[in-house]
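Residues per chain, in single letters:
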Number of protein chains: 2
Amino acid sequence: MALTYKSAGVDIAAADAFVSHVFDVAKSTLTDGVVAHRLGYSGLFRPKWGGMRDPLLAATCDGVGTKLKVAIEVGRYQGLGQDLVAMNVNDLLPLGARPLLFLDYIAVGAIARPVMDAIIAGVAAACRETGCALLGGETAEMPGVYHHGDFDLAGFAVGLVDGARLPQPEQIAPGDVVLALASTGIHSNGLSLARQALFEKGGLRVADRPAELTEPLGVALLTPTALYVKAVLALFERYQVKGAAHVTGGGLLGRVEKLSRPGARLLLHPEAYSRPPIFAVIQRAGGISDAEMARTFNLGLGFVVVVDASTADLVERDSGLGFIRVGEVVAGDRGVELGYARSE
Amino acid sequence: MALTYKSAGVDIAAADAFVSHVFDVAKSTLTDGVVAHRLGYSGLFRPKWGGMRDPLLAATCDGVGTKLKVAIEVGRYQGLGQDLVAMNVNDLLPLGARPLLFLDYIAVGAIARPVMDAIIAGVAAACRETGCALLGGETAEMPGVYHHGDFDLAGFAVGLVDGARLPQPEQIAPGDVVLALASTGIHSNGLSLARQALFEKGGLRVADRPAELTEPLGVALLTPTALYVKAVLALFERYQVKGAAHVTGGGLLGRVEKLSRPGARLLLHPEAYSRPPIFAVIQRAGGISDAEMARTFNLGLGFVVVVDASTADLVERDSGLGFIRVGEVVAGDRGVELGYARSE
């Protein structure tokens, strides 16, 4: 038998059909910056920097980690698309950059349309929600790398920001206020620890519903990562922001710690915000310490900013933004105190 | 035992140490467009569009496919870094876009420094070679997704091009000339078919040296993808280019076909260029048809452009660029003829 690419496990026709579907879905995300052309090797985008003194590009790359293992177990995939977009566009926000465009990388053992269609539908919906064009991407068929329905996702976002208006975290000082946006749950960080705690050590299954939860464990874990673009861009447009953190790898403690400096210690009050119940379930199942929880998970706060006290009053009254007051900056060593955990 | 992120298979300290190493390595790639800042969620870049009438961003995403399975088998990884950069920055070139910045996604089961260090060294060298800043990236530890030393790589590149100077492939007409840059070998496309032909059907091993080759099969397959940035940007700066193709998925036939249109058929002469011997080895081992070879592999030509006849004379004499005359545009149906294979 003569070999063909298809006999080698790579189905070009199936891949082409999926790519064609992605093009159709992406149309709903195309903003007026997108420039149509016929060559197709790259996507073209015309950024609008009118009025900016120092237009800068911001670029970021991220994946969804082992959250996709939970999605495979539960058989729900659409939320992963939002997770992928959120992990990238939210990472543009600490600098106040507006997302312009997004590209996705989907690697599979073999084209599996229902799964991939659900993911790309989620990607496109999140792109629309954040005004970010799905400008391109890559579908990689890699038989022998990915097995048994496994796959991987990576994303890439480019944003635009005026270099003259970047936040200046070195101006954070005692008396400043810490504001935050609530997380929707575990988001896309710490899933390896959560899975080991819940499913290995805890012996739970994705269909179980622990007493704290109103939905099955797998569904709770899959709650998509919040998209903070609208709220944070509105904040940057209306107010002076000194520093900001997207709470991802390193957890609430690790990420907020980076906003502190010698002489400016951040104090967060755990009673000021609610902790999604999934975290108690994970902590109990795994016997995980408070410190390890705080260094791994967002624990209820997905995006944290520091502003001066008078700005904080205004932002709190700007109820459309959704920021809540969760702490303050005090004199002291570099570091953060969460009440139940602290950095040194 | 209390669970920690490390006990869950995610070694934050090892990941942080690698990320720190990447930052050190990336310093050698930083061009004067890179803007330093301390927040670290995204990379910042100041594009220079001075003199451009319509500055556009071009963005692309690609991986190296199953070439990484060959690298794992042979135990040579550095070339994959160049493959990853090349697959992305070369995809900016058909539009004449200059690469500005690159981001990499490396997903592993567990941090494996010698392998990852070699890859990132290759990425950085290729970025330096092409004047592209390694502006960021993501290292994903995903125990349970990647096993047994497996990993995956994806890359993203952003370039800048003047929209007023994009090639206009609709102007390709009979009498035009097809010029090309030689490939260095299989590049990063068709590896799944090559591996099945050579190692499964052909029963060969990576250490074998078929008569046509001067080096072991595995080493020949791993020859890094050519970086076409310097030659193609110089071509676009000096001459009018009507259309261009980076020869990747779809092979020489599929990619060149897209430059044709009704009334302008592309005719390539196989005697005008040399075909790296690896292709004969693959074809014989797999019993692969000429047509399937031409729809899968670059067969010796990695980048193809179409210019008018008088420009072709000038480019041929511009010996620093390395373009060779490989064919012409003739009147006829949309399609391409390669001598041994044709589209229809």
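Calculation criteria
- Residues numbered from 1 in each chain as written.
- Chains lettered and ligands numbered in written order.
- Predicted model: local features only at pLDDT ≥ 70, side-chain atom pairs only at ≥ 80, totals over all residues.
- Heavy atoms only, no water.
- Helix = DSSP H or I, 4+ residues; strand = E, 2+ residues; numbered from the N terminus.
- Rg over C-alpha atoms; globule rule 2.2 N^0.38 Å.
- Contact = heavy atoms within 4.5 Å.
- Areas by Shrake-Rupley, 256 points an atom, 1.4 Å probe, with all protein chains shown as cover.
- Buried area = accessible area lost by both parts, 1.4 Å probe.
- Salt bridge = Lys/Arg side-chain N within 4 Å of Asp/Glu carboxyl O.
- Polar contact = N/O pair within 3.5 Å; in protein donor to acceptor, adjacent residues only side chain to side chain.
- Buried < 20%, exposed > 50% of the residue type's maximum accessible area, 1.4 Å probe, protein only.
- Least-squares fit on C-alpha atoms with pLDDT ≥ 70 in both.
- Pairing = 2+ DSSP bridges.
- Axes fitted to C-alpha atoms, helices over the stretch in contact; angles between N-to-C directions.
- Right-handed = clockwise from strand over helix to strand, strands pointing away.
- Parallel < 35°, antiparallel > 145°, perpendicular 65-115°, else oblique.
- Left-handed = near helix turned anticlockwise from the far one by under 90°.
- Nonpolar A, V, L, I, M, F, W, Y, C, P; charged D, E, K, R; others polar.

K.L.:
With reference to specific residues and values, describe the overall build of chain A.
P.N.:
Each helix and strand in chain A was counted, giving eleven helices and twelve strands. Relative to the globule expectation of 20 Å for 344 residues, the C-alpha radius of gyration of chain A, 21 Å, shows essentially globular dimensions. Along the three orthogonal principal directions, the C-alpha set of chain A runs to about 75 × 55 × 30 Å. Contacts in chain A between residues far apart in sequence, at least 24 positions, make up 85% of those at least 6 positions apart. Carbon and sulfur atoms form 51% of the exposed surface of chain A, whose accessible area is close to 12400 Å².

K.L.:
Which residues make up the interface of chain B and chain A, and what are the values?
P.N.:
With 87 residues of chain B in contact, the opposing surface of chain A contributes 88 residues. Of the roughly 6600 Å² buried between chain B and chain A on both sides combined, carbon and sulfur atoms contribute 63%. Per-residue buried area on chain B facing chain A is highest for B:Leu3, B:Tyr41 and B:Leu57; these three make up 14% of the total on that side. Our enumeration of links across chain B and chain A arrives at two salt bridges. B:Asp54 is the salt-bridge partner of A:Arg46, the closest N and O atoms lying 2.8 Å from each other. Our enumeration of links across chain B and chain A arrives at 25 residue pairs in polar contact (both at pLDDT 80 or more).

K.L.:
Could you give me a rundown of helix α9 (residues 278-286) of chain A, with the residues and numbers involved?
P.N.:
Residues and elements named next belong to chain A. Across the nine residues of α9, seven count as buried, placing the element largely inside the fold. Among all positions in α9, only Ile278, Phe279, Val281, Ile282, Gln283, Ala285 and Gly286 are buried. Turning to α9, the residues buried within the fold contact α5 (191-201), α6 (217-221) and α10 (290-296). Just beyond α9, the residue with positive phi is Gly287, at close to 55 degrees.

K.L.:
Would you mind going over the relation of the copies chain B and chain A in detail, with residue names and values included?
P.N.:
It takes a turn of 180 degrees to lay chain B on chain A, together with a shift of 0.0 Å along the axis; the resulting RMSD is 0.0 Å. Expressed as a symmetry operation, the mapping of one chain copy onto the other fits a two-fold axis. Minimal C-alpha separation from the rotation axis in chain B is found for B:Phe156, amounting to 3.4 Å.

K.L.:
Pulling in residues and values, what's your account of the sheet that holds strand β4 (residues 98-108) of chain A?
P.N.:
An order of β5(A)-β4(A)-β6(A)-β3(A)-β2(B)-β1(B) is seen for the six strands of this open sheet, with the pairing classed as mixed. Only two strands of the sheet have a single neighbouring strand rather than two, namely β5 (133-141) of chain A together with β1 (34-35) of chain B. Pairing analysis gives ten bridges linking β4(A) to strand β6 (residues 151-162) of chain A, with the strands arranged antiparallel. Each bridged residue has a counterpart across the sheet, and for A:Arg98 the counterpart in β6(A) is A:Leu160. The strands touched by helix α1 (residues 12-27) of chain A within the sheet are β4 and β5 of chain A, with β5(A) carrying the most contacts at an inclination of about 165 degrees.

K.L.:
Describe the sheet that holds strand β8 (residues 243-246) of chain A, naming the residues involved and giving the relevant values.
P.N.:
Residue and element names in this part refer to chain A. If you walk across this open sheet you meet the six strands as β8-β10-β7-β11-β9-β12, and the pairing is mixed. Each edge of the sheet is formed by a strand with only one pairing partner; in this case those strands are β8 and β12 (335-337). Ignoring which end each strand starts from, the neighbouring axes of this sheet average 25 degrees apart. Sheet topology note: the β8/strand β10 (residues 301-307) ladder contains four bridges and is antiparallel. Looking at the pairing, Ala244 lines up with Val305 of β10.

K.L.:
Residue-level account of the pairing of β5(A), with values.
P.N.:
Residue and element names in this part refer to chain A. One ladder, built from eight bridges, connects β4 with β5; its direction is parallel. For Tyr105, the partnering residue across the bridge sits in β5 and is Glu138. In this fold, β4 hands off to helix α4 (residues 113-130), which returns the chain to β5; that crossover is right-handed.

K.L.:
Provide a residue-level description of the environment of B:Ala264, including the pertinent values.
P.N.:
Residue and element names in this part refer to chain B. Here Ala264 shows up in the loop between α8 (251-257) and β9 (265-268). For the pair Ala264 and Asp333, spaced 69 residues apart in the sequence, the C-alpha separation amounts to 6.6 Å. Those residues in contact with Ala264 that lie beyond four places of it in its chain are Ile172, Ala173, Pro174, Val329, Val330, Gly332 and Asp333.

K.L.:
Describe the packing of helix α3 (residues 78-92) of chain B against helix α4 (residues 113-130) of chain B, with residues and values.
P.N.:
Residues and elements named next belong to chain B. Direction vectors running N to C along α3 and α4 enclose 45 degrees, while the axes themselves pass 6 Å from each other. Here α3 lies oblique to α4, going by the angle between them. Like other packed secondary-structure pairs, α3 and α4 cross with a definite hand, here right-handed. Of the residues in α4, those in contact with Gln78, Gly81, Gln82, Leu84, Val85 and Val89 of α3 are Ala118, Ile119, Ala121, Gly122, Val123, Ala126, Cys127 and Thr130. In the contact of α3 with α4, the residues fall into nine nonpolar, five polar and no charged.

Without other data, these values stay purely geometric and don't point to any function.
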